[in-house]
Structures are given as structure tokens and as C-alpha cells.
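Residues per chain, in single letters:
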Number of protein chains: 2
Amino acid sequence: MKQVKVSNNVIRRLPRYLRKLDELKTAGVDRISSGELGRQMGLTSSQIRQDFSCFGEFGQQGYGYNVTALRGEIASILGTNRDFSVVLVGVGNIGRALIENFCFEQYGFHMVSAYDVRPELIGKNIGGINIQDISDLPQAFTNNDVEVAVLCVPKSMASTAAEDLVRYGIRAIWNFTNTELNITSSDVIVENIHFSDSLLALGYYLAESIDQKNIDDARAKK
Amino acid sequence: MKQVKVSNNVIRRLPRYLRKLDELKTAGVDRISSGELGRQMGLTSSQIRQDFSCFGEFGQQGYGYNVTALRGEIASILGTNRDFSVVLVGVGNIGRALIENFCFEQYGFHMVSAYDVRPELIGKNIGGINIQDISDLPQAFTNNDVEVAVLCVPKSMASTAAEDLVRYGIRAIWNFTNTELNITSSDVIVENIHFSDSLLALGYYLAESIDQKNIDDARAKK
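Residues numbered from 1 in each chain as written. Chains lettered and ligands numbered in written order. Predicted model: local features only at pLDDT ≥ 70, side-chain atom pairs only at ≥ 80, totals over all residues. Heavy atoms only, no water.

Visitor: Is there a simple way to think about the relation of the copies chain B and chain A in this case?
Guide: Note on the chain copies: they are related by a rotation about an axis and a translation along it. With an axial shift of 0.0 Å and an RMSD of 0.0 Å, the rotation relating chain B to chain A amounts to 180°. Put plainly, the chains are arranged around a two-fold axis. Among all residues of chain B, the minimum C-alpha distance to the rotation axis is found for N93 of chain B, at 2.4 Å. Residue by residue, 100% of the interface of chain B is reproduced at the interface of chain A, so both copies engage with the same surface. (Least-squares fit on C-alpha atoms with pLDDT ≥ 70 in both. Contact = heavy atoms within 4.5 Å.)

Visitor: Help me out: how do you make sense of the sheet that holds strand 3 (residues 84-89) of chain B in this one?
Guide: Strands belonging to one sheet form pairs held by backbone hydrogen bonds; the direction of such a pair is parallel or antiparallel. Residue and element names in this part refer to chain B. Pairing within the open sheet is mixed, and its seven strands lie in the order 5-6-4-3-7-8-9. The sheet terminates laterally at strand 5 (125-126) and strand 9 (189-192), the two strands that pair on one side only. Sheet topology note: the strand 8 (residues 172-175)/strand 9 ladder contains four bridges and is parallel. By the bridge assignment for strand 9, W174 is matched with E191. (Pairing = 2+ DSSP bridges. Helix = DSSP H or I, 4+ residues; strand = E, 2+ residues; numbered from the N terminus.)

Visitor: When you look at helix 4 (residues 67-77) of chain B in this model, what are you seeing that I'm missing?
Guide: Each full turn of the α-helix corresponds to 3.6 residues, which orients residues three or four apart in the same direction. Residues and elements named next belong to chain B. Of all the positions in helix 4, only V67, L70, I74, A75 and I77 are classed as buried. Looking straight down helix 4, one finds its buried side chains confined to an arc of 160°; they lie on one side. At the N-terminal boundary of helix 4, the capping side chain belongs to N66, with an oxygen 3.0 Å from the backbone nitrogen of T68. Just beyond helix 4, the residue with positive phi is G79, at close to 75°. (Buried < 20%, exposed > 50% of the residue type's maximum accessible area, 1.4 Å probe, protein only. Arc of directions from axis to C-beta. Polar contact = N/O pair within 3.5 Å; in protein donor to acceptor, adjacent residues only side chain to side chain.)

Visitor: What is the right way to read the environment of H194 of chain B from this model?
Guide: The residue H194 of chain B is located in the loop between strand 9 and helix 8 (195-221) in this model. Each C-alpha atom of the pair H194 of chain B and T177 of chain B lies 8.4 Å from the other, and the pair is 17 residues apart in sequence. When neighbours within four sequence positions are excluded, H194 of chain B is seen to be in contact with R19 of chain A together with N178 and E180 of chain B.

Visitor: Would you take a moment to explain the packing of aromatic side chains for this structure?
Guide: For the structure shown, the criterion picks out 27 aromatic pairs over all chains. Pairing F195 of chain A with F176 of chain B gives two aromatic rings, centres 5.3 Å apart and planes at 90°, and the pair type is edge-to-face. Within this pair, whereas F195 of chain A is found in helix 8 (residues 195-221), its partner F176 of chain B is found in the loop between strand 8 and strand 9, the two belonging to separate chains. The two residues F195 of chain A and F176 of chain B agree in class, both being buried. (Phe/Tyr/Trp six-rings, centres within 6.5 Å; stacked < 30°, edge-to-face > 60°.)

Okay, structure coming up:
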């Protein structure tokens, strides 16, 4: 079913569709037209039909989409049934938040272990995960088939840690270090959580909204 | 300079341009063509010229862009000189990580205070920020002109906390709760950090890469 080279924009929209369909399911909606789905998501209906056409045909002309079936198809395209193995490197605030509060299983991942350099953390159990010494990290790759590393080390250690992971044979890095990782191996997937990009976008919209309000206020005074 | 209704896609690319230009500055690059900038960012040169044309004309035909000047223009468009006031609500792992490690000032924001419900945190100073009782939050809006709230409370408290903030007069919410906030006031800007969207995209690319490797391996064996 999956076709080669779907655009990144489409792939980035798939998780949004998944969230929206979950929301619709929870609200008891069984069926939705591309027009209504588009309206709720700020997309055009033709955009939505075009997105889904990349992966085959969902839905039936004039009947709309079956919410549960469409959700299943998108989840499957996103690989949520793959059960990827995850290690977490760097059990600071962010690392701990992910271990304790983020439901990896829901998205097709499961965490096998977490690593840190600080002696006071080693051997501790946090949220059901055993914290191990970073020097034991290579063993995770011989014992298990670890595919994904969640990188939560401080900025200053980010590059070295990423290089180590690539050398051990990691397939993908989920990067929380707010640093660009310059990974030479093109086989390794790097997915960045850039807090700064998000905050800058917020700043743009806020500045725009304040400017508009000032214009409106000035007009109202005249 | 700023024109009305720039598309969201363009706005989302601006922080990426800013990061790339910072990287170029650090590498000692003074001037760059739209073609080279595009190559380094995976965009076409015409895409780049089109993006920048939304905000006026930067650069000179045939001479490329002055890296420092372009960086300054984009930073100004993004409002990094605005100095927005921020409160943080919910000093759990994520909240603490942001207070301790994230440089709000760099992006045109400054944190004035942080709030929590847990008595053991109230009155503590974390990373130079005084943790206050959540019941004192309304005062922040009478004493200061607080524009942005960083929302880091647990999921179960997200909606209530957001509604309170809107009632107090917040202008924008940076939402780390991994929950959709249904805010009725259209004047309030909500910017979400959706960890799940990012991990799902990673899963898609990883599944695609593993499938491709399996195909290649099978071919090699023939």
C-alpha cells in the first residue's frame, strides 16, 4: 500500500489526522466527509483527498470516511504497530519527564532502558525503567535490537553522544538537545524537537496580534 | 515591512532560516546565494526567494544575501526584540527543564515567575525564578503585563489551567501538556509542542528505512 516518496508535508500532517480522528472517535463520530474534516483542521477538502490518495483510496465518494477504519489505516502507515525498541540517554529533567509521563507504547515504541553518567542515578528505577551506567550502553545493542535513542543529554555532550550511538548501530535519534547533530551517516534518521522554533512561531503570531490590536485601538479612538 | 497574512508554512520556516543563518555566521560565512542556502536546507532557491519576498526584498540580484543582515531582518520579523513577559505554570520535570536550561531571552522572552500547587516547591528559587503558589497567579496579571504562559501542568489539569489563564487575560499559551486545549477565545494564541507528532514522524521514516533495507538485503541475496 505504501508508495515511495510521499512528501514531508504529507507525512507531517498524518499525526495531526490521527489526533483529530481520535478526538472524533471519543466524541462518538462514526463517519466524516473530507469537507467537514478539512473545516475542523483548517485544510481544504481537496488537500485532504490528495493527502490520503498518496497511500491508496480511503472512503467512498459521497459517503465520507469511516472514522475508525481511517484511523486504523493512518496508524498503520505511521508504523504504530511496529513496536520499535528505545533507549533513553540522559536522565535529566526532560529525560525523566519522558520516562515518567510519555506513553511510548501508544505510538508503537517501547523503552528498554535508560542511561546516565551520574553515579547517584545508576541502579535506580524510574517509572519502571532501570537507569544504567552510560558505559553499559554498547551492551544494549548486542543484547537487544535497539532501534531508537531518545537523546536528552546536555548540549555540551550532544555531539559525542550522538556519534557514539551511530557507532553502536542506532537507526534513529529523537533529539531533545536543542542542538543540530551533524551526523554523517545518511542511514540514521534524526528527528528534532526544536523548542525554539515553536516559541519563535508563537512570538511571531503574538507580535502580529498585538500590532493588529494597536491599529484597531487607534482607529477606535478617532 | 510586515505584510498581512503570510502563510503558516512560511512562518514555520523562518525559525529554521534563523538557525541556519546562525550556523553560517558561526562558520564565518558572510554572504550566501539563495541556491546555496536552498541546497543546505533542502529547499529550492525559488522557494527561498518567494519566502523572503513576503516581507520585502532582502539581498541583491547576483550578489546573494548578507548573512548578518538577513539574520537581523528575520529575527526582527519573528519579534525577538519584543521582550515578551512569560509565566510558567506547573514546575514538574518539563517545567523545571525549561526554567533551568532553556534560554528564553535569546528568543525575545523573559520569565517573570513560575507557579505550582505543591507546598514543598512554593518559595523555592529554581534557576533564578521564584516558585509561587498557583493561587497567586492572578496577581501577576495586575502587577505585570504578562503576555505568555508556558503550560506544563499534568494532562488532567490542562483544560482548567488554560481556562483560568484566558480569564486572567493571557495573550498566548505555549502548551506542553500534550493535550488539545479547546480555547473559545480566538484572540488567544495557542502554540503546541506535540511530542507525539514528532515521534510518529520518526516512526514513519524509520519503518520506511527498515522496509527499504529489507528489500535491498533480499535483492543482494539473489
